[in-house]
Amino acid sequence: MATKRFTAPVTIHLFFIKDHQILLLRRFNTGYEDGNYSVVAGHLDGGETVKQAAVREAKEEAGVHLTEENIEIVGVMHRKAGDERIDFFATVKEWEGEIKNQEPHK
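Residue numbers run consecutively from 1 along every chain, following the written order of its sequence. Per-residue local features are limited, in this predicted model, to residues with pLDDT of at least 70; the limit for side-chain atom pairs, both in listing and counting, is 80 or more; totals at the level of whole chains, interfaces and linings are taken over all residues. To get the side-chain values, all heavy atoms of the structure are used, and hydrogens and water are removed first.

**Student:** Teacher, can you tell me more about the layout of surface pockets here?
**Tutor:** Empty space left among the atoms is revealed by rolling a probe the size of a water molecule over them. Cavities and pockets are found on a 1 Å grid laid over the protein atoms alone: a cavity is a set of points where a 1.4 Å probe fits but cannot escape, a pocket is an open set with protein on both sides within 12 Å along at least five of seven lines, and a lining residue has an atom within 4 Å of such a point. Grid points are joined across faces, edges and corners, and a volume is the space filled by probe spheres set on the points. There is about 750 Å³ of room inside the largest pocket. If you go around the largest pocket, you meet 22 residues; those closest to its centre are Arg27, Ser38, Val39, Ala41 and Glu61. Put simply, DSSP marks the helices as runs of H or I at least four residues long and the strands as runs of E at least two long, and each gets a number from the N terminus on. Only strand E1 (10–18), strand E3 (25–26), strand E4 (37–38), strand E5 (40–43) and helix H1 (50–62) provide two or more residues apiece to the lining of the largest pocket. Examining the composition of the lining of the largest pocket, we find that 3 residues originate from one element, E5, more than from any other. Considered class by class, the residues forming the lining of the largest pocket number 5 nonpolar, 8 polar and 9 charged. Gly counts as polar in this scheme, as do all residues outside two lists: the nonpolar Ala, Val, Leu, Ile, Met, Phe, Trp, Tyr, Cys and Pro, and the charged Asp, Glu, Lys and Arg.

**Student:** So what exactly am I meant to see when it comes to the packing of aromatic side chains here?
**Tutor:** A ring pair, where both rings are aromatic, is described by two values, the distance of the centres and the angle of the planes. Paired rings are identified among Phe, Tyr and Trp, the last through its six-membered ring, by centres lying within 6.5 Å, and are further divided according to the angle between planes into stacked (under 30 degrees), edge-to-face (over 60) and tilted (the rest). One pass over the full model with this rule turns up 2 aromatic pairs. A ring pair is formed by phenylalanine 15 and phenylalanine 89, whose centres lie 6.3 Å apart and whose planes are at 40°; its orientation type is tilted. In this pair, phenylalanine 15 sits in strand E1 while phenylalanine 89 sits in strand E7 (residues 83–92), placing the two residues 74 residues apart along the sequence.

**Student:** Quick question: what am I supposed to make of the pattern of salt bridges here?
**Tutor:** For side chains bearing opposite charge, pairing can occur when the charged atoms are close. What counts as a salt bridge is simple: a side-chain nitrogen of Lys or Arg found within 4 Å of a carboxyl oxygen of Asp or Glu. Per the stated rule, a full pass over the model turns up 6 salt bridges. Between aspartate 45 and arginine 56 there is a salt bridge; the shortest N-O distance is 3.4 Å. Of the two residues, aspartate 45 is situated in the loop between E5 and H1 and arginine 56 in helix H1; the sequence distance between them amounts to 11 residues. Relative accessibility thresholds used throughout: buried, under 20% of the residue-type maximum; exposed, over 50%; partly exposed, between the two (1.4 Å probe, protein chains only). In this structure aspartate 45 comes out as partly exposed when scored by relative accessible area, which is 42%.

**Student:** Hey, could you run me through the pairing of strand E6 (residues 71–81) in this one?
**Tutor:** Both faces of the sheet carry side chains from a regular strand, because those side chains alternate between them. One ladder, built from 10 bridges, connects E6 with E7; its direction is antiparallel. Note on E7: the bridge partner recorded for lysine 80 is glutamate 84. Being paired, for any two strands, means DSSP has found at least two bridges between them. The turn linking E6 back onto E7 is made up of 1 residue, and glycine 82 within it adopts a positive phi angle of 85°.

**Student:** Please clarify how the side chain of glutamate 61 should be interpreted in this entry.
**Tutor:** By the secondary structure assignment, glutamate 61 is in helix H1. Buried within the structure, glutamate 61 lacks any salt-bridge partner; its nearest side chain of opposite charge belongs to arginine 27, at an N-O separation of 6.7 Å. Those residues in contact with glutamate 61 that lie beyond four places of it in its chain are Leu25, Val40, Ala41, Lys100, Asn101, Gln102 and Glu103. Positive: Lys, Arg. Negative: Asp, Glu. His and the chain ends are not part of the count. Here, residues are in contact when the closest pair of their heavy atoms is within 4.5 Å.

**Student:** Help me out: how do you make sense of unusual backbone geometry in this one?
**Tutor:** Leave glycine aside and you will find that most residues have negative phi; peptide bonds, for their part, are mostly trans. Of note in the backbone geometry, aspartate 19 takes a positive phi value of approximately 50° without being a glycine. Structurally, aspartate 19 is set in the loop between E1 and strand E2 (21–22). For aspartate 19, a relative accessible area of 64% corresponds to the exposed category. Positioned with a positive phi, histidine 20 is a non-glycine residue whose angle comes to about 65°. For histidine 20, the position within the fold is in the loop between E1 and E2.

Limitation: the analysis is restricted to geometry and does not speak to function.
Spelled out as structure tokens, the structure:
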């Protein structure tokens, strides 16, 4: 009998930093931590690296373009609170475009 291999969601959290300020978003209508503040973040899709996911999430959520060279991974955390997951944290100090809420319904 084959044993099912353990899997966990992997998330990238992006800290956009400018003039000693960090961009925060207020969660809404997502079903997870609604009403609380967060940073631009999202799950990795299959077949992408953490930095590739960061580039994609920055475009999807904030409407800006990142290069992998402008993303600095600053931490990793194994979290077990209700479910179990792996979180990557990164700083971003340079990007192209104006930050805009691309998901106002969330």
